[in-house]
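One-letter residues, chain by chain:
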Amino acid sequence: MASIRVGKRIVILHPGTFFKYVFMIALVCFTALPLEFLVVQAFKPLDELFIYPPRFYVVNPTLKNFSELLMAMDGSTVPFTRYFFNSVVVTILTVGGTLLVCSLAAYSLTKLPLTWKNQIFNVIVATLMFSAPVTQISNYLIINSLGWVNTYWALVIPKLATPMYFFLLKQNFDSVLPNQLLEAAKIDGANEWKSFWKIAMPIMKPAWSTVIVFSFVANWNDYSGPLVYINREALKTLPLALSLLQGGLGQVARTGAFNAAALVTTAPTIIVYLVMQAKVMKTMAHAGIK
C-alpha cells in the first residue's frame, strides 16, 4: 500500500488504485507533450533550435526570443503589441456580445410565452448544418455594403448569434432553471429583465462560462475572418502576425521569435480553459453532450 497527503489528511491507496493513478499521471504527461514542447521551444536559443540530433529539453533557457519578437515586428509597419491589442479588443467584444445575444435568445425561447417557439428553434438548429465557408461570400457582401470592411465590427458582429452557443444555453435553461422560480420572482415584483439578470444568469453560470471558453478560443485563434475582412496592417490580429513572422526573408533567424509568438498566442486560451474547465464539464452533463 501507499499513502499520500491531501491537505491535513493522509489517504491510504491500495496497490490497484496506486498504479491506476500512476498510469493516469503518465498518460496526462504524454498527452501534454505538445504543450510542453511549445513552452520549451519558446525558451531555446537559436543554436539549440537547430542542433542535430534535436533535443526535446532546453539546456540554456533564454528570454532573447521574446525580445527578438518585439524587434522583428518593430521592423515592420506595425509593432507586435498592436496585433496583440487588436486580438484582445476583438475577442472581448465578440465574447461579451455573443454571451448577451445567445443568452437572451435562449431565455426568450425557453421561458417567455412566444408564438411559434418550436418553429423558430427548429430553424436555428437547422443552421448548424451549414459550415462557415458556405456563408462566407454572402457575409462579405453584407459587411462590404455596410462599410464595415477594415473595421472591428466586421470581426465582431457576424459572430454574435452563434447557433451552437444558443443550443447549449437553451438546453441548460430547460434543465437547470425551474419555471416556479421565475414565477415566484414575478410575484415579488421582478420584471423580465431583472428575472433574467438577477436569477437566470447566476444559476446559469456554468453554461455561460462554457460559452465564454468556446467563444474565446474560437475568436482568439480566428485566422480566416481577419484575412478576409481586414486589409489595414494596423487592424490585423495575432494569427496574421504569426503568418507574417513565419514567411518572408530571414525566416531562419526569426525561428526563435516565431516560437515565442506561438507561446504568447496559445497561452491565453490554455489559461482560460484551465480556469473554467470544471464548469465546462458540468455544462456538458446538463446539455446531454458527451
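Look up: the structure comes first, before these words.
Chemist: Just checking my understanding: could you explain the overall build of the protein chain for this structure?
Modeler: In terms of regular secondary structure, the protein chain is built from 15 helices and 2 strands. For the protein chain, buried positions account for 35% of its 290 residues. Here the protein chain displays about 17200 Å² of accessible surface, and carbon together with sulfur accounts for 69% of that area.

Chemist: What should I look at first to understand unusual backbone geometry in this one?
Modeler: Most peptide bonds take the trans configuration, and most residues that are not glycine carry a negative phi. Cis geometry is found at the peptide bond from Tyr52 to Pro53, where omega equals 0°. Structurally, the position occupied by Pro53 is in the loop between helix H3 (46-49) and helix H4 (64-74). Here the phi dihedral of Trp116 falls at roughly 60°; this positive angle occurs in a residue that is not glycine. Topologically, Trp116 is positioned in the loop between helix H5 (80-111) and helix H6 (117-126). Positive phi, close to 65°, is recorded for Asn150, a residue that is not glycine. Its location among the elements puts Asn150 in the loop between helix H7 (136-145) and helix H8 (153-156).

Chemist: I keep staring at the packing of aromatic side chains and nothing clicks. Help me out?
Modeler: For any pair of aromatic rings, the description consists of the separation of the ring centres together with the inter-plane angle of the planes. In the structure shown here, the tally under the stated rule is 12 aromatic pairs. Arranged with centres 5.4 Å apart and planes meeting at 50°, the rings of Phe43 and Phe66 form a pair that is tilted. Of this pair, Phe43 sits in the loop between helix H2 (33-42) and H3 while Phe66 sits in helix H4, and the two are 23 residues apart along the sequence. Its relative accessible area of 26% is what places Phe43 among the partly exposed residues. Geometrically, the ring pair formed by Phe196 and Trp197 is tilted, given 6.3 Å between the ring centres and 40° between the ring planes. Here Phe196 falls in the buried class, since its relative accessible area comes to 2%. Accessibility expressed as a relative area gives 45% for Trp197, which makes it partly exposed. Feature note: the residues Tyr107, Phe173, Trp193, Phe196 and Trp197 constitute an aromatic cluster, connected by ring pairs. The positively charged end of Lys170 is found above the aromatic ring belonging to Phe121, 4.5 Å away from the centroid.

Chemist: Quick question: what am I supposed to make of the nonpolar core here?
Modeler: Nonpolar side chains in soluble globular proteins tend to be buried together. Core analysis: the biggest nonpolar cluster contains 41 residues, and Leu69, Tyr107, Leu169, Phe173 and Leu177 have the highest contact counts within it. Sorting the residues of this core by element identifies H5, helix H9 (163-176), helix H10 (179-187), helix H11 (192-203), helix H12 (205-220), helix H14 (238-246) and helix H15 (255-287) as the ones contributing at least two each. No other element matches H5, which puts 8 residues into this core. Among residues more than four places away in sequence, those in contact with Phe173 are Ser103, Ala106, Tyr107, Thr110, Lys111, Ala200 and Met204. Residues Ile143, Leu155, Tyr229 and Ile230 belong to the second largest nonpolar core, which totals 12 residues.

Parameters and conventions
Residues numbered from 1 in each chain as written. Predicted model: local features only at pLDDT ≥ 70, side-chain atom pairs only at ≥ 80, totals over all residues. Heavy atoms only, no water. Helix = DSSP H or I, 4+ residues; strand = E, 2+ residues; numbered from the N terminus. Buried < 20%, exposed > 50% of the residue type's maximum accessible area, 1.4 Å probe, protein only. Areas by Shrake-Rupley, 256 points an atom, 1.4 Å probe, with all protein chains shown as cover. Phe/Tyr/Trp six-rings, centres within 6.5 Å; stacked < 30°, edge-to-face > 60°. Lys NZ or Arg CZ within 6 Å of the ring centre and 35° of its normal. Core = buried A, V, L, I, M, F, W, Y, C linked by side-chain atoms within 4.5 Å. Contact = heavy atoms within 4.5 Å.

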